[in-house]
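# Examining the three-dimensional arrangement
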Amino acid sequence: MSDDNIASAIEAELIELSGLLTEPGERECLRCYLLRMIYEFGCDGTHRWTTRWRDARAPQARGLVRKLQRLGACCCDCEVLLNVYPDYPDTDRLLPCAGQPHRGSCAPCNLRLLRRTA
Ligand SMILES: [Zn+2]
Ligand SMILES: [Zn+2]
């Protein structure tokens, strides 16, 4: 294996690893996913995490970004959290996602329900 091959093998592994880290959870809702990604990686001023979540969890929701823009998230992912999902329990740490209400839905999970049963 030449140095070039080793370098590209490592690169491929890193890409795969970052893919896993930014993969939305099996039933992770858009809000919890965005919180997690912005907390870990920050916002780059675009809807990149929203788009990534949509591709994985709600591929049919083609108009999702436009819809969120109409709701006040005109430019980026943190605006989605601030303007579209402002209702988050007052906490200093991220709560585990209570689960996407149903497949393909961009509604946030019900964290109150989780807290009541916990
Ligand atoms: Zn932002
Ligand atoms: Zn959630």
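First, a word on scope: everything that follows refers to the structure included in this document. None of the values given here were measured: they were computed from a predicted structure.

Conventions and cut-offs
Residues numbered from 1 in each chain as written. Chains lettered and ligands numbered in written order. Predicted model: local features only at pLDDT ≥ 70, side-chain atom pairs only at ≥ 80, totals over all residues. Heavy atoms only, no water. Donors = N, O, S within 2.8 Å, 3.2 Å for Na, K, Ca; no water. Tetrahedral: all angles 85-135°; square planar, octahedral: opposite > 155°, others 65-115°. Buried < 20%, exposed > 50% of the residue type's maximum accessible area, 1.4 Å probe, protein only. Salt bridge = Lys/Arg side-chain N within 4 Å of Asp/Glu carboxyl O. Helix = DSSP H or I, 4+ residues; strand = E, 2+ residues; numbered from the N terminus. Axes fitted to C-alpha atoms, helices over the stretch in contact; angles between N-to-C directions. Parallel < 35°, antiparallel > 145°, perpendicular 65-115°, else oblique. Left-handed = near helix turned anticlockwise from the far one by under 90°. Contact = heavy atoms within 4.5 Å. Nonpolar A, V, L, I, M, F, W, Y, C, P; charged D, E, K, R; others polar. Phe/Tyr/Trp six-rings, centres within 6.5 Å; stacked < 30°, edge-to-face > 60°.

## Considerations on the coordination of the zinc ion (ligand 2)
Six octahedral donors at a metal ideally form angles of 90 or 180 degrees, and four tetrahedral donors ideally form angles of 109.5 degrees. Cys29 (SG), Cys32 (SG), Cys97 (SG) and Cys109 (SG) make up the full set of protein donors to the zinc ion (ligand 2), lying at 2.2 to 2.3 Å. Relative to the metal, the 4 donor atoms surrounding the zinc ion (ligand 2) lie at angles of 107 to 111°, and the coordination shape comes out tetrahedral. Among the residues examined, Cys97 registers a relative accessible area of 26% and is labelled partly exposed.

## Section: the pattern of salt bridges
A side chain with one charge can pair with a side chain of the opposite charge if their charged atoms come near. Across all of its chains, the model carries 4 salt bridges by this definition. For Glu23, the salt bridge goes to Arg52, with nearest N and O atoms at 3.4 Å. Here Arg52 lies in helix α3 (residues 48–57) and Glu23 lies in the loop between α1 (3–21) and α2 (30–41), a separation of 29 residues in the sequence. On the basis of relative accessibility, which here comes to 38%, the residue Glu23 falls in the partly exposed class. In this structure Arg52 comes out as partly exposed when scored by relative accessible area, which is 29%. Put simply, Arg54 and Asp55 hold a salt bridge, and the shortest N to O gap is 3.0 Å. Residue classification places Asp55 among the partly exposed positions, given a relative accessible area of 47%.

## Points about the packing of α2 against helix α5 (residues 77–84)
Close contact between α2 and α5 brings their axes to 10 Å; oriented N to C, the two are set at 130°. The pairing of α2 with α5 is recorded here as oblique in orientation. Where α2 crosses over α5, the handedness of that crossing is left-handed. Residues Arg31, Leu34, Leu35 and Ile38 of α2 pack against Asp77, Cys78, Val80 and Leu81 of α5. Classifying every residue of the contact of α2 with α5 gives 6 nonpolar, no polar and 2 charged.

## Side note on the packing of aromatic side chains
All chains considered together, the criterion is met by 1 aromatic pair. Seen in terms of ring centroids, Phe41 and Trp49 are 5.7 Å apart; in terms of plane orientation they differ by 40°. Their pairing is tilted. Taking the relative accessible area as the measure of exposure, Phe41 reaches 39% and is therefore partly exposed. Exposure remark for Trp49: the relative accessible area of 5% places this residue in the buried category.

## Comments concerning the coordination of the zinc ion (ligand 1)
With distances of 2.1 to 2.3 Å, the protein atoms coordinating the zinc ion (ligand 1) are Cys43 (SG), Cys76 (SG) and Cys78 (SG). Expressed as a motif, the donor residue spacing for the zinc ion (ligand 1) is C-x32-C-x1-C. With a gap of 35 residues between them, Cys43 in the loop between α2 and α3 and Cys78 in helix α5 connect regions that are remote in the sequence. You can call Cys78 partly exposed: its relative accessible area is 29%.

## What to know about the packing of α2 against α3
Close contact between α2 and α3 brings their axes to 10 Å; oriented N to C, the two are set at 135°. Here α2 is positioned oblique relative to α3, judged by the angle of their axes. Crossing angle aside, the handedness with which α2 passes α3 is right-handed. Across from Leu30, Tyr33, Leu34, Met37, Ile38 and Phe41 in α2, the residues of α3 making contact are Arg48, Trp49, Thr50, Arg52 and Trp53. Considered class by class, the residues forming the contact of α2 with α3 number 8 nonpolar, 1 polar and 2 charged.

All we've got here are geometric facts, nothing functional implied.
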